[in-house]
Amino acid sequence: MWFPRLASDRALRRHPVEGPFALILAQGGAERIYCLNREAGRRGLHPGMSHTDARAFCPELRSRPADPQGDEWFLHALRRWATRYCPWVGIEEDQGLVLDVSGATHLFGGEEAMLSDMRQRLMRTGLEVRLGCADTRGGAWALAHHGEGIAPPGELLSALEALPVAALRLEAKTVTALQRLGLRRIGELEAAARAPLARRFGMELLRRLDCAMGRQPEPVTPLSDPPHYGVRMALPDPIGLQEDVMEGVSRLLDRLCDKLKRREEGARVLRLTLRRVDMEAQSVDLRLARPLRDPARILPLFARGVGEVEAGFGIDLLRLEALRVDRLPARQVAHVSSDRDDRMDDLISRLGTRIGLENIQRFQPLDSHIPERAFTLAPAAWSEPEGPWYSLRPRPLRLFPPEPVTPLGATPLRADTPRPEGRRTAPPPPDGERDRREHLLAASGAAPAGDRRDPAPRPTLGAREAGAGAAALPREVPTPGATRLPEEAPAPTLSAAPSAAPPGNATRGSLPTAGARESGTGAAVGTMEMTAPASARRPAEARAPAPSSDEEPPAPASHVPAPHSDVTRPTPQGGRPPRCFRWRRMRLTTARATGPERITPEWWLEDDNWRSGLRDYWMVETEEGRRLWLFYTPQAPGWFVQGEFP
């Protein structure tokens, strides 16, 4: 059997087309005709012709993409159908079948009757076929491709002598060379001397000729049918209860698993077909996570599908088939437990019957130090769990795309001049109408004139110059590096409105007194209260004696307001995690930070997320209970959260 237009006939069986039709296949960077129908052949088109030229010759040509793999499967299906004529059926290379019908022709009424039956059945399915029958395989191939007929027994030469030498399955260059020598027919080649032909063309030419003439055997090698794993059960009376159907499935599983065990195979896909008395059939498909042949483990997985079957007036036929099997060699039975846990496979199979096996995935490690590339997702049913995951540094359980954070915290009033630790500087004298003497007296800690709680007299400029008011000055040594007021500086003023203060505290809106500074209590500036840090408090015995009358009194220290949640702190120096920050509308405070772990991008891979450069990762534990994985980008200062620890 030779199918000259198998691919196009198969395509037109599914979707018929009137007029010229061709299948296109990309070859060598160009689209060429793979197969065409008879109408396209009449228009002058041929296989191997470019699609562009074909459209130019035949504008009404209709085309579709070719499917060589599907054509091969279809040819195998035809091979299985051809076994109805004889058991020995093989596949030829050029879309054909070869059958050894020795001893089988009488079952169909002779050779002519059998070939007629083949042709009629194939034409009804829409397939064009050419048949040839001869005593040898080479003779039958020559008749099918170039003559189509039956060679009478013992008269092979008379049936083949008029055929061209190409009917001997020779190479194209050999056929061309023979034609140049004047040897165009098989009869002419048979009558020529063999020695000159062997010296010029080699022994392959003579071997093909001898095979066609029967002087050298050429057996037919049939393809063996794959093992069929299917069992069925016909019932004398219809059944309709789920328990009865499950009992029948149990008996079918026992028989099927015995077949699988003999061949050391395991079922991966099973199909249960239930036929009702009204000839309607319903199927229940089952996909397994691992190859199985244990009836006790497979039977419970059918319960869900069987429960959804409509029994109607009853079921009288059950058929169980393994659609896909995999290799499952026998395992050694020992008294110790194996490393493999079958319960996980059963769980995956049960979940797969509900949501699908492809939706159950597991993480697999990859060889990469980039956090988001250190793992991959693989279907759990078609992958094995890897060994333990090794990591030199802890990694978060939850990993998500980087999210920016906003550092928060206390900052000086003037962010461009941060206050160094342990140093106090005097603010510039404010504008006002008070003279320099009042400013110096306020800086010395003396009480205002209107405050009756302080009985100490207010010193005058003349008294200070005479040395009489020296005892009223504060006994505090100016901080090294403190800024002194200029000679012409005006007296300071405060913008906050004064308010009543509780007893024992300084009046709100005034500078702290000397007593308040010595006791270390906090002072209020405007509406923001602050508490002096412990490092700024000085014990009284550590203070120096009062300055002499000719010395300049110390300048007042500047006071920093208390922290506020809306004040943004600049990025910490050196890339250390911020003390307070805002993330996902939550204010978090750092309690402990471990790091940094510097990770550089993989330069050999393209990744837009890592184009910014290296990252410094920190594991930050917050006072609110969250354990976050932050990273800092030195090249573009900024903090981001990429993961969260449990």
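Each chain has its residues counted from 1, following the order in which its sequence is written. Reporting in this predicted model follows two pLDDT cut-offs: at least 70 for local features of residues, and 80 or more for side-chain atom pairs to be given and counted; totals over whole chains, interfaces and linings ignore these cut-offs and use all residues. As a rule here, side-chain values come from all non-hydrogen atoms in the structure, and water together with hydrogens is ignored.

(A) How the structure looks around the overall build of the chain. Along its length, the chain carries 18 helices and 20 strands. Accessible area is worked out with a 1.4 Å probe on protein chains only. A residue is then buried under 20% of its type maximum, exposed over 50%, and partly exposed in between. Evaluated residue by residue, the chain yields a buried proportion of 37% over its 646 residues. The contact criterion used throughout is that any non-hydrogen atoms of two residues lie within 4.5 Å. Pairs at least 24 apart in sequence give 59% of the contacts found in the chain among residues at least 6 apart. Accessible area of the chain: about 38,700 Å², with a carbon and sulfur share of 52%. Helix and strand definitions here come from DSSP, where helices need a minimum of 4 consecutive H or I residues and strands a minimum of 2 consecutive E residues; each element is numbered from the N-terminal end. Only the protein chains shown count as cover for residues, and the accessible areas themselves come from Shrake-Rupley with a 1.4 Å probe.

(B) The environment of Val 231, seen in detail. As for its placement among the helices and strands, Val 231 is situated in strand S6 (residues 230–239). For Val 231 and Arg 255, which are 24 residues apart along the polypeptide, the C-alpha to C-alpha distance reads 7.2 Å. Setting aside its immediate chain neighbours within four residues, Val 231 contacts Leu 252, Arg 255, Leu 256, Lys 259, Leu 318, Arg 319 and Leu 320.

(C) Broad picture of the sheet that holds strand S9 (residues 315–327). Overall, antiparallel pairing links the four strands, which are arranged S6-S9-S7-S8 in an open sheet. Each having just a single partner strand, S6 and strand S8 (281–292) make up the two edges of the open sheet. Put simply, the sheet's adjacent strands are angled 15 degrees from each other on average, direction ignored. Strand pairing is assigned whenever DSSP detects at least two bridges linking the two strands. In terms of strand pairing, strand S7 (residues 265–276) meets S8 through eight bridges, oriented antiparallel. In the strand pairing of S8, Val 269 is matched with Arg 287. Comment: axis = line fitted to C-alpha atoms, over the contacting stretch for helices; angle = value between 0 and 180 degrees taken between N-to-C directions.

(D) Structural context of the packing of helix H10 (residues 194–201) against helix H11 (residues 203–213). It is at 7 Å that the axes of H10 and H11 come closest, and there the two elements cross at 130 degrees. Taken together, H10 and H11 sit at an angle that is classed as oblique. In contact with Arg 194, Leu 197, Ala 198 and Phe 201 of H10, H11 contributes Met 203, Leu 205, Leu 206, Leu 209 and Asp 210. Oblique is the label for any angle not under 35 degrees, not over 145, and not in the 65 to 115 range, which are roughly parallel, roughly antiparallel and roughly perpendicular in turn.

(E) Region of interest: the nonpolar core. Grouped together as the largest cluster of nonpolar side chains are 31 residues, with contacts concentrated most on Ile 298, Phe 302 and Leu 318. At the level of elements, S6, helix H12 (242–262), S7, S8 and S9 are the ones that each hand at least two residues to this core. Here the element with the most residues in this core is H12; it accounts for eight residues. The criterion is simple. A nonpolar core is a set of buried Ala, Val, Leu, Ile, Met, Phe, Trp, Tyr and Cys residues joined through side-chain atoms within 4.5 Å. Leu 143, Leu 163, Ala 167 and Ala 212 belong to the second-largest nonpolar core, a separate cluster that totals 23 residues.

(F) Quick look at the pattern of salt bridges. Criterion for a salt bridge: a side-chain nitrogen of Lys or Arg within 4 Å of a carboxyl oxygen of Asp or Glu. A full pass over the atoms with the stated rule returns 38 salt bridges. Salt-bridge contacts for Glu 128 lead to Arg 38; the nearest nitrogen and oxygen are separated by 2.3 Å. On the criterion of sequence distance, the pair formed by Glu 128 in the loop between helix H5 (111–124) and helix H6 (137–146) and Arg 38 in helix H2 (residues 38–42) is long-range, its members being 90 residues apart. Residue Glu 128 is classed as buried on the basis of its relative accessible area of 19%. Residue Arg 38 is classed as partly exposed on the basis of its relative accessible area of 39%. Its salt-bridge partner being Arg 215, residue Glu 190 comes within 3.1 Å of it at the nearest N-O pair. With Glu 190 in helix H9 (residues 186–191) and Arg 215 in the loop between H11 and S6, the pair connects residues that are 25 residues apart, well separated along the chain. A cluster of three or more residues bridged by salt bridges with shared partners is formed by Glu 39, Arg 42, Arg 43 and Glu 60.

(G) Representation of the pairing of strand S10 (residues 361–365) within the structure. Residues Arg 362 and Gln 364 line the buried face of S10, whereas the alternating positions Gln 361, Phe 363 and Pro 365 sit on a face that is not buried. Bridge count between S10 and strand S11 (residues 375–379): five bridges; the pairing is antiparallel. For Phe 363, the partnering residue across the bridge sits in S11 and is Leu 377.

(H) Spotlight on the sheet that holds strand S2 (residues 30–36). Pairing in this open sheet of three strands is mixed, and the strands run S2-S1-S3 from one edge to the other. Since the sheet does not close on itself, it has two edges, and those belong to S2 and strand S3 (62–65), each with one partner. Sheet twist, expressed as the average angle between the axes of neighbouring strands with direction ignored, equals 40 degrees. Bridge count between strand S1 (residues 21–27) and S2: six bridges; the pairing is antiparallel. Paired with Ala 22 across the two strands is Leu 36, which belongs to S2. Where helix H1 (residues 6–14) meets the sheet, it contacts S1, S2 and S3, and its direction lies at approximately 120 degrees from that of S1.

(I) Molecular detail of the packing of aromatic side chains. Stacked, edge-to-face and tilted labels apply to pairs of Phe, Tyr and Trp rings (six-membered ring for Trp) whose centres lie within 6.5 Å, assigned for plane angles under 30 degrees, over 60, and everything in between, in that order. Inspection of every chain in the model, using the stated rule, returns nine aromatic pairs. Taking the centre distance of 5.7 Å and the plane angle of 80 degrees together, the rings of Trp 81 and Tyr 85 count as edge-to-face. Relative accessible area serves as the criterion here: at 26%, Trp 81 is assigned to the partly exposed category. Classification of Tyr 85 by relative accessible area gives buried; the value is 2%. Seen from their ring centres, Phe 400 and Trp 583 are 6.3 Å apart, and the 15 degrees between their planes marks the pair as stacked. Here Trp 583 lies in strand S16 (residues 580–583) and Phe 400 lies in strand S12 (residues 398–404), a separation of 183 residues in the sequence.

(J) Molecular detail of a nonpolar patch on the surface. A residue counts toward a patch only above 30% relative accessible area and without a salt bridge, and it is joined to like-charged neighbours within 9 Å or, for Val, Leu, Ile, Met, Phe, Trp and Tyr, to nonpolar neighbours within 5 Å. A cluster of nonpolar side chains, contributed by Met 344, Leu 347, Leu 351 and Ile 355, occupies part of the molecular surface with about 330 Å² of accessible area. Here Leu 347 shows up in helix H15 (residues 342–355).

(K) Geometry of H12. Any helix carries an expected span of 1.5 Å times its number of residues minus one. Its 21 residues give H12 an end-to-end C-alpha distance of 30 Å, which sits within 8% of 30 Å, the value for a rise of 1.5 Å per residue. Within the sequence span of H12, burial applies to Val 245, Met 246, Gly 248, Val 249, Ser 250, Leu 252, Leu 253, Leu 256, Cys 257 and Leu 260. Where H12 is buried, its residues contact S6, S7, S8, helix H13 (295–298), helix H14 (303–307) and S9. Of the residues trailing H12, Glu 264 is marked for its positive phi of about 55 degrees.

(L) Just unusual backbone geometry, in detail. A cis amide bond links Gly 595 to the next residue, Pro 596, at an omega of 5 degrees. Mapping Pro 596 onto the fold places it in strand S17 (residues 586–599). The phi torsion at Glu 264 lies on the positive side, around 55 degrees, for a residue other than glycine. You can see Glu 264 is positioned in the loop between H12 and S7.

Spatial relationships are all this shows, so hold off on functional conclusions.
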